[in-house]
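# Breakdown of the fold
Listed here are the chains, written in short residue letters.
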Amino acid sequence: SDHYLEYPLSPAHMDWSTHYPKFFTSKSDNNQTLVTQSQSSIQKKVEFADLGCGYGGLLVALSTLFPDTLMLGMEIRVKVEDYVRERINALRSQYPEQYQNVSIIRMNAMKFLPNFFEKGQLSKMFFLFPDPHFKTRKHKARIITAQLLSEYAYVLRVGGIIYTITDVKDLNEWMVKHLDDHPLFERIPDDEVEKDPVIPHVRTATEEGKKVERNNGDKFLACYKRIADNDSS
Ligand code: SAM
C-alpha cells in the first residue's frame, strides 16, 4: 500500500541533492542549508524515468551510456527500493566517477507524477515488463490507461519517447490501443525504433527481460513519441 508515501508539494519542493550528490553541492549558512547545483551542472534535472524499475538493470546499463543525464527509477516495493539503492551505492564506491547520475525512489508511479516533475521535464519514460494484471476487473490497475497517459504526456516533453515492452501479448495490445487512441502520442515505426541506442537495453538489461530471455518468451516492443497538441504545448 502507498498510504505512507510522501510526495513533494511541487517539483520545486523536491530536494534531489541526496539522490545525485555529485551533481549538487550543499553549503550551510548559519541555520539554513542552501542546496545549489555545482557550476558544471546548472539546472540539471531528472530526464529519464523508469516506472516500476524493479531491480534496476536498465538504470545501471544506461548510466554509463548517458553519464550526464539524470535518471530515476520508481519502485513501489520497499525491499526492491532498498536493493536498488544498495546496488547503486556499491557501484558508486567501486567506480567513484560513475553511476552518479542514477537513483531510485520509492513511490507509486501511477500517482502524483506532476508533483515530482515539471511539465515537459522528461525526455524518456520506460515501462518495461509491467505487471500484466490479467483479470478483466484488474485492468484498471494497469500502468497505461487513458487517464494516466495524459499525465505522462504532461511530464514528457514534445519529442520525448515512451518505451513499452512486455512478454504478455494481451498487455501489449492494451498498451498499443491506449497509446494509439491518445492524441498526444504517435507510434515510432519499427525501423526507426531499431536505430535507437537504448533499445538493446530495453530488451535485455532488466531482470525481467533476462528472465523472459531464459524462458524463450516473446518480447513485444512498442515505442511512442510525444507530439505537440494543437496549441503546440
Ligand atoms: N521493469 C522491471 C524489469 O523489467 O525487470 C520490473 C518489472 S516487474 C514485473 C514490475 C515492477 O513494477 C515490480 O517491481 C513492481 O513492484 C513495480 N510496480 C508495480 N506497480 C507500481 C507502481 N504503481 N509504482 C511503482 N512501481 C510499481
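These notes cover the structure that comes with them. (Residues numbered from 1 in each chain as written. Predicted model: local features only at pLDDT ≥ 70, side-chain atom pairs only at ≥ 80, totals over all residues. Heavy atoms only, no water.)

### A closer look at the overall build of the protein
This is how it is decided: The helix count covers DSSP runs of H or I at least four residues long, the strand count covers runs of E at least two residues long, and both are numbered beginning at the N terminus. Buried residues are those whose accessible area, probed at 1.4 Å on protein chains only, stays under 20% of the maximum for their type, while exposed residues exceed 50% and partly exposed ones sit between those limits. In this description, contact between two residues means that some pair of their heavy atoms is separated by no more than 4.5 Å. Using the Shrake-Rupley algorithm and a 1.4 Å probe, accessible areas are obtained, with residue cover drawn only from the displayed protein chains.
In terms of helices and strands, the protein carries eight helices and nine strands. Of all 233 residues assigned to the protein, the portion counted as buried reaches 47%. The long-range fraction of contacts in the protein, counting pairs at least 24 apart against all pairs at least 6 apart in sequence, stands at 75%. Accessible surface, the protein as shown: approximately 12600 Å² in total, 50% of it carbon and sulfur.

### Section: the site of the ligand
As a reminder, the rule being used: The rule for a residue being near a molecule or strand is that one of its heavy atoms must lie within 4 Å of it. Pairing of N or O atoms within 3.5 Å defines a polar contact, subject to two protein rules: one partner must be a possible hydrogen donor and the other a possible acceptor, and residues neighboring in sequence count only if both atoms are side-chain atoms. Put simply, Ala, Val, Leu, Ile, Met, Phe, Trp, Tyr, Cys and Pro go in the nonpolar bin, Asp, Glu, Lys and Arg in the charged bin, and everything else, Gly too, in the polar bin.
Of all residues adjacent to the ligand, which total 17 residues, the nearest are Glu75, Arg77, Asn108, Leu128 and Thr206. The backbone of Gly52 places a nitrogen or oxygen atom 2.9 Å from a nitrogen atom of the ligand. For the ligand, a nitrogen atom lies 2.8 Å from a polar atom in the backbone of Leu128. The protein chains hide 89% of the 600 Å² of surface that the ligand would expose on its own. A class-by-class count of the residues in the shell around the ligand yields eight nonpolar, four polar and five charged.

### Section: the side chain of Ser103
On the secondary structure map, Ser103 appears in strand β5 (residues 102–106). Assessed through its relative accessible area of 8%, Ser103 is described here as buried. At 2.6 Å, the side chain of Ser103 and the side chain of His19 are in polar contact. Residues contacting Ser103, with those up to four places away along its chain left out, are His19, Tyr20, Leu59, Met71, Leu72, Gly73 and Ile88.

### What to know about the sheet that holds β5
Here is the rule we go by: Any two strands between which DSSP finds at least two bridges are classified as paired. Every axis in this analysis is a line fitted to C-alpha atoms, fitted for helices over the stretch in contact. Angles between the N-to-C directions lie between 0 and 180 degrees.
The strand order across the open sheet built from seven strands is β5-β4-β3-β6-β7-β9-β8, with neighbouring strands paired in mixed fashion. Looking at the sheet topology across the chains shown, the edges are occupied by β5 and β8 (185–187). Adjacent strand axes in the sheet meet at a mean angle of 20°, parallel and antiparallel pairs treated alike. As judged from the three bridges shared by strand β3 (residues 46–51) and strand β6 (residues 122–128), these two strands associate in the parallel manner. Residue pairing across strands places Phe48 opposite Lys124, the latter belonging to β6. Its contacts with the sheet put helix α2 (residues 78–94) on β4 (70–75) and β5, and the angle it makes with β5 is roughly 160°.

### Observations regarding the nonpolar core
The test is simple: Working definition of a nonpolar core: buried Ala, Val, Leu, Ile, Met, Phe, Trp, Tyr and Cys residues. They are joined through side-chain atoms within 4.5 Å.
Core analysis: the largest hydrophobic core is formed by 39 residues, its most contacted members being Leu51, Met74, Phe117, Met125 and Tyr152. Among residues more than four places away in sequence, those in contact with Tyr152 are Leu51, Ala109, Met110, Leu113, Met125, Phe127, Ile143, Ile144, Ile162 and Phe185. Formed by 28 residues, the second largest nonpolar core is a distinct cluster that contains Leu58, Val84, Val102 and Ile104.

### Describing α2
So the rule is basically this: A helix is expected to reach a length of 1.5 Å times the quantity of its residues less one.
Its 17 residues place the ends of α2 24 Å apart at the C-alpha level, agreeing with the 24 Å of an ideal helix rising 1.5 Å per residue. Elements in contact with the buried residues of α2: α1 (57–65), β4 and β5.

### Concerning the environment of Cys223
Mapped onto the fold, Cys223 is located in strand β9 (residues 220–226). Residue classification places Cys223 among the buried positions, given a relative accessible area of 2%. Between the C-alpha atom of Cys223 and that of Lys135, which follows or precedes it by 88 residues, the distance is 25 Å. Among all residues touching Cys223, those that are not within four sequence positions of it are Ile161, Ile162, Tyr163, Glu186, Arg187, Ile188, Val193 and Ile199.

### Looking at the pattern of salt bridges
The condition is simple: By definition, a salt bridge exists where a carboxyl oxygen of Asp or Glu is found within 4 Å of a side-chain nitrogen of Lys or Arg.
Applying the stated criterion across every chain yields a total of 12 salt bridges. A salt bridge links Lys45 to Glu118; the nearest nitrogen and oxygen atoms lie 3.1 Å apart. In this pair, Lys45 is assigned in the loop between β2 (32–37) and β3 and Glu118 in the loop between α3 (113–116) and β6, connecting sequence segments 73 residues apart. Residue classification places Glu118 among the partly exposed residues on the basis of a relative accessible area of 36%. Lys169 is the partner of Glu173 in a salt bridge, and the nearest nitrogen-oxygen pair spans 2.9 Å. Placement of both Glu173 and Lys169 in helix α5 (residues 169–181) is noted, with a separation of four residues, approximately one turn of the helix. On the basis of relative accessibility, which here comes to 47%, the residue Lys169 falls in the partly exposed class.

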